[in-house]
Amino acid sequence: MVRFSRVAAHAVPLTVGALLLTTGVSAAQPSTVDAAAARTEAGIGALQSIKKSLSPAERKQSSQLVVEKRLRADRSLAAKLPEYRSGVGVSNAGTVSVDIAAHGKAVANAVTAAGGAVRSVSPDGAVRADLPLSALDAIAGRADVAEVKPAAQATTWSEPGNRDFRTAARTAAAQAAAATQVSEGDKAHGADTARTTYGVSGSGVKVCVLSDGVDSLAKSQAAGELPAVDVLSGQQGSGDEGTAMLEIIHDLAPDATLGFATAFTSEASFAANIRALRSTGNCQIIVDDVSYFDESPFQDTQVAQAVNDVTAAGTLYFSSAGNSGNATDGTSGYYEGDFRASSAKISGVTGTPHDFDPSSTTQNFDALSAGSLGKPVTLFWSDPWGKSANDYDLFILNSAGSVVASSENAQSGSQNPYEIASVPTSGSGFKVAVVKYSGADRFIALNVIRGRFVASGSLKAFSTNGVTNGHSAAVNAFSVAAAPAAGAFTRPLETGDPANPAGPYPGLYTASSKWERFSSDGTRRVFYNADGTAITPGNVSSTGGTVRAKPDITAADGVATSVTGFQPFFGTSAAAPHAAAIAALLLSGKPTATPADIRTALVSSSIDLGAPGFDTVTGNGVIMAGPALAALGVAAK
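Please read all numbers here as calculations on a predicted model, not as lab measurements.

> Just give me the short version of the overall build of the chain, but keep the residues and values in it.
Within the chain, the secondary structure is distributed over 15 helices and 24 strands. C-alpha atoms of the chain, sized along the principal axes, occupy 75 × 55 × 55 Å. Scored against the burial criterion, the 637 residues of the chain give a buried share of 60%. A sequence separation of at least 24 residues applies to 79% of the contacts in the chain between residues at least 6 apart. About 21,600 Å² of surface is accessible on the chain, with carbon and sulfur atoms providing 53% of the total. The centroid of the 47 positive side-chain charges in the chain is displaced by 3 Å from the centroid of its 55 negative side-chain charges.

This is how it looks when you write it as structure tokens:
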């Protein structure tokens, strides 16, 4: 399933565009350039005038909330931004879905008193709520409120096929309704023969899933696809990706005990549920397929910190690497590198644009593909989380030079080094620009999630490897890439793309097996410890920090489940539970094995794919059940 639309509960999808007009390499007609430059100057100038006039309360609000509020109150401002959309969803009742970073418990009561509806409150006082737009200043102005922003967006990492394919798959599934569906990954990973050879089944091991929801859990249980599942109280969520993941685990490790909790209530709730699955759920293995868009690539933030806590306590943690593509296949919409001050200014912009081109040519913009429509664009830079004193902004323009979206949060020492916007859902010729509004040069990460940077006109495409980030890149987590087990993913990722690879089923994976072209790559450079202290003080550039070898391993996707919408189930969302299930077989074969023992067995016995040794797309290779059991020292029966 495409999961930009499956945002965290009550979260608001942002609409953002893409940028750029003048490039320093353009050969457009002077009249076209002049008209575009005038539109750019008017639009960016209007947005920066807002940034320069923020009240104390507005300084604690995201720029999208402030702009939305100002546009509604000032018609002359709206006239300067005719094609601009803040991306803030305002209900018919005038409310917006927000996350409020607060201290103490009083803010939730204040939200209710202001006419809002509280959706959730985390143990540290953070609130997710539907708040009247008119009440933003009053809530943000409170001394116990640090920040108010649109509700954080999240995605799962399943990948939808084309409509005809999915219809045919559902028909085939209906015809086979009397038969239990078994993942083709069971054979491709050799798990079926490993269970017999080594006498393992997952018995004595509890594996728990975090995803959107388990709506069809009872249906799968009635069909014999799943046993009892221990769902954390009140944490069943909404959706069915969790059900499909549980079916995969049960196929490979049929005697493992299963558990579930949703990751979609909020980011704080996701972190809390990770810890709860360990502490009260007694889960020995946890697997998730969820990413929040504001998880920092450069520091372990709240979800990654929860992963660190449970892995330190002995839990094995598996997480989807993501479906945002990779540089090897030319499918990535990711760029990272040191900020490079451009010698060419953008009309109307206060600050310095980033020059994407490392050569003597200047290019202030990176153009977006047609497949990037509707996709979120994020910008991070190498300041500590919650302590950014360097101010960077993100702009998206259309081909006519009009600003269609932006993110211009003010960073003055206590904010996050993060901006987000979204490409419009229709149109073409969008481009993105990064501007350092003030402060020092930093290492930046720009990501059009599930989109792509492309050459367009005089603009060259600039992208890099390294899109895998957030808690999937936590040091002791297993970040899991995807390789097809059976039939090929039938939908081209973008128009004109080559055919996607097929898997080995009913055979086993081999060194000639291929990975999915959408699988996200690494590695992951990290500059800060979880507490915000620098790993290499004084150097937060491309030569600083530390590099984590992510993703770690590869596992199967494109497999059968009985769950509607996941027939077959593609994406790293399907790969991660295969890896978790194989780990369950290992732990049932040797209950005394430590997490380090399991990691060594999985990695040392994996089949190397692509270039020899670790690579940035498949990590250490595709894992195999039998060889991993042998590497762990489990004796054949």
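> Could you give an account of the packing of helix H10 (residues 241–252) against helix H13 (residues 572–589), naming the residues involved and the relevant values?
Running from N to C, H10 and H13 point in directions that differ by 35°, and their axes come no closer than 8 Å. For H10 against H13, the interelement crossing comes out right-handed. Contacts between H10 and H13 involve Glu241, Met245, Ile248, Ile249 and Leu252 from the former and Ser573, Ala574, Pro577, His578, Ala581, Ile582 and Leu585 from the latter.

> Describe the packing of helix H14 (residues 595–604) against helix H15 (residues 625–632), naming the residues involved and giving the relevant values.
For the pair H14 and H15, the least separation of the axes is 8 Å and the interaxial angle reads 130°. Between H14 and H15, the angle is such that the two are oblique. H15 is crossed by H14, and the crossing has right-handed handedness. On H15, the residues touching Asp597, Ile598, Ala601, Leu602 and Ser604 of H14 are Ala628, Ala631 and Leu632.

> Quick one: what's the story with the confidence of the model for the chain, residue by residue and with numbers?
Of all residues in the chain, 92% attain a pLDDT of 70 or more, and the chain-wide mean is 91. pLDDT under 50 marks residues 1–29. Its contacts with residues more than four places away, or in other chains, come to 136 contacts. Confidence drops under pLDDT 50 across residues 163–178; counting only partners more than four residues distant or on other chains, this segment forms 13 contacts.

> Describe in detail the sheet that holds strand S3 (residues 127–132), supporting the description with residues and values.
Through backbone hydrogen bonds, the strands of a sheet pair up, either in parallel or in antiparallel fashion. With antiparallel pairing, the 4 strands of this open sheet are ordered in space as S2-S3-S1-S4. Both outer strands of the open sheet, strand S2 (117–121) and strand S4 (145–150), are each paired with one neighbouring strand and no more. With direction set aside, neighbouring strand axes in the sheet form an average angle of 30°. Pairing of S2 with S3 involves 4 bridges; the strand directions are antiparallel. Considered in S3, the bridge of valine 121 is made with valine 127. The sheet contacts of helix H4 (residues 106–113) involve strand S1 (95–102), S2, S3 and S4, and relative to S2 the element is tilted by about 160°.

> Hey, could you go over the side chain of arginine 517 for me, with residue numbers and the actual values?
For arginine 517, the position within the fold is in the loop between strand S21 (478–484) and strand S22 (524–526). Owing to a relative accessible area of 9%, arginine 517 belongs among the buried residues under this scheme. Of note is the side chain of arginine 517, whose polar atom sits 3.4 Å from the side chain of aspartate 497. Among all residues touching arginine 517, those that are not within four sequence positions of it are Gly325, Asn326, Asp329, Thr331, Leu493, Asp497, Pro498, Ala499, Asn500 and Pro501.

> Go over the pattern of salt bridges with me, naming the residues and quoting the values.
For the coordinates displayed, the defined rule picks out 25 salt bridges. Ionic pairing is found between aspartate 393 and lysine 51, a salt bridge with its closest N-O pair at 2.8 Å. Of this pair, aspartate 393 sits in strand S16 (residues 391–397) while lysine 51 sits in helix H1 (residues 30–51), placing them 342 residues apart in sequence. Each member of the pair, aspartate 393 as well as lysine 51, carries the same accessibility label: buried. With a closest N to O distance of 2.6 Å, lysine 436 and aspartate 441 form a salt bridge.

> Can you lay out the state of the cysteines for me, pointing to particular residues and giving the numbers?
One pass over the structure, following the stated rule, counts 1 disulfide. With its sulfur 1.9 Å from that of its partner, cysteine 208 forms a disulfide with cysteine 283. On the sign convention where negative means left-handed, the S-S torsion of about -70° between cysteine 208 and cysteine 283 marks this disulfide as left-handed. Here cysteine 208 is found in strand S6 (residues 206–211), whereas its partner cysteine 283 is found in the loop between helix H11 (267–279) and strand S9 (285–288), with 75 residues between them in sequence.

> Describe the pairing of S9, listing the residues and the values that go with them.
In summary, the side chains of a regular strand alternate between the two faces of the sheet. Neither face of S9 is left uncovered, since the one carrying Ile285 and Val287 and the one carrying Ile286 and Asp288 both have all their residues buried. As defined by bridge partners, S6 adjoins S9 across 4 bridges and the pair is classed as parallel. Paired with valine 207 across the bridge in S9 is isoleucine 285. Pairing of S9 with strand S11 (residues 316–320), which is carried by 4 bridges, proceeds in the parallel orientation. Residue pairing across strands places aspartate 288 opposite serine 319, the latter belonging to S11.

What counts and what doesn't
In this numbering scheme, every chain counts its residues from 1 along its sequence in written order. Local features in this predicted model are restricted to residues of pLDDT 70 or higher, and side-chain atom pairs are both shown and tallied only at a pLDDT of 80 or more, whereas totals for entire chains, interfaces and linings draw on every residue. Calculation of side-chain values draws on the structure's entire complement of heavy atoms; hydrogens and water are dropped beforehand. Secondary structure follows DSSP: runs of H or I at least 4 residues long count as helices, runs of E at least 2 residues long count as strands, and numbering of each begins at the N terminus. Buried residues are those whose accessible area, probed at 1.4 Å on protein chains only, stays under 20% of the maximum for their type, while exposed residues exceed 50% and partly exposed ones sit between those limits. Any two residues having at least one pair of non-hydrogen atoms within 4.5 Å are treated as being in contact. Computed with the Shrake-Rupley method and a 1.4 Å probe, the accessible areas treat only the protein chains shown as cover for residues. Note on charges: Lys and Arg go in the positive column, Asp and Glu in the negative column, and His and the chain ends are not counted at all. A single reference atom marks each charge: NZ on Lys, CZ on Arg, CG on Asp, CD on Glu. To obtain an axis, a line is fitted to C-alpha atoms, over the contacting stretch when the element is a helix, and the angle between two such axes runs from 0 to 180 degrees between their N-to-C directions. Should the near helix be turned anticlockwise from the far one by less than a right angle, the crossing is termed left-handed; should it be turned clockwise, right-handed. When describing relative orientation, an angle under 35 degrees is termed roughly parallel and one over 145 degrees roughly antiparallel, while 65 to 115 degrees is termed roughly perpendicular and anything else oblique. On a range of 0 to 100, pLDDT expresses the predictor's confidence in each residue. Any two strands are treated as partners once DSSP identifies two or more bridges connecting them. Think of a polar contact as two N or O atoms within 3.5 Å of one another; within protein, one of them needs to be a possible hydrogen donor and the other a possible acceptor, and neighboring residues in sequence only count if both atoms come from side chains. Between Lys or Arg on one side and Asp or Glu on the other, a salt bridge is scored when a side-chain nitrogen of the former is within 4 Å of a carboxyl oxygen of the latter. Two cysteine sulfurs form what is called a disulfide whenever their separation falls within 2.5 Å.

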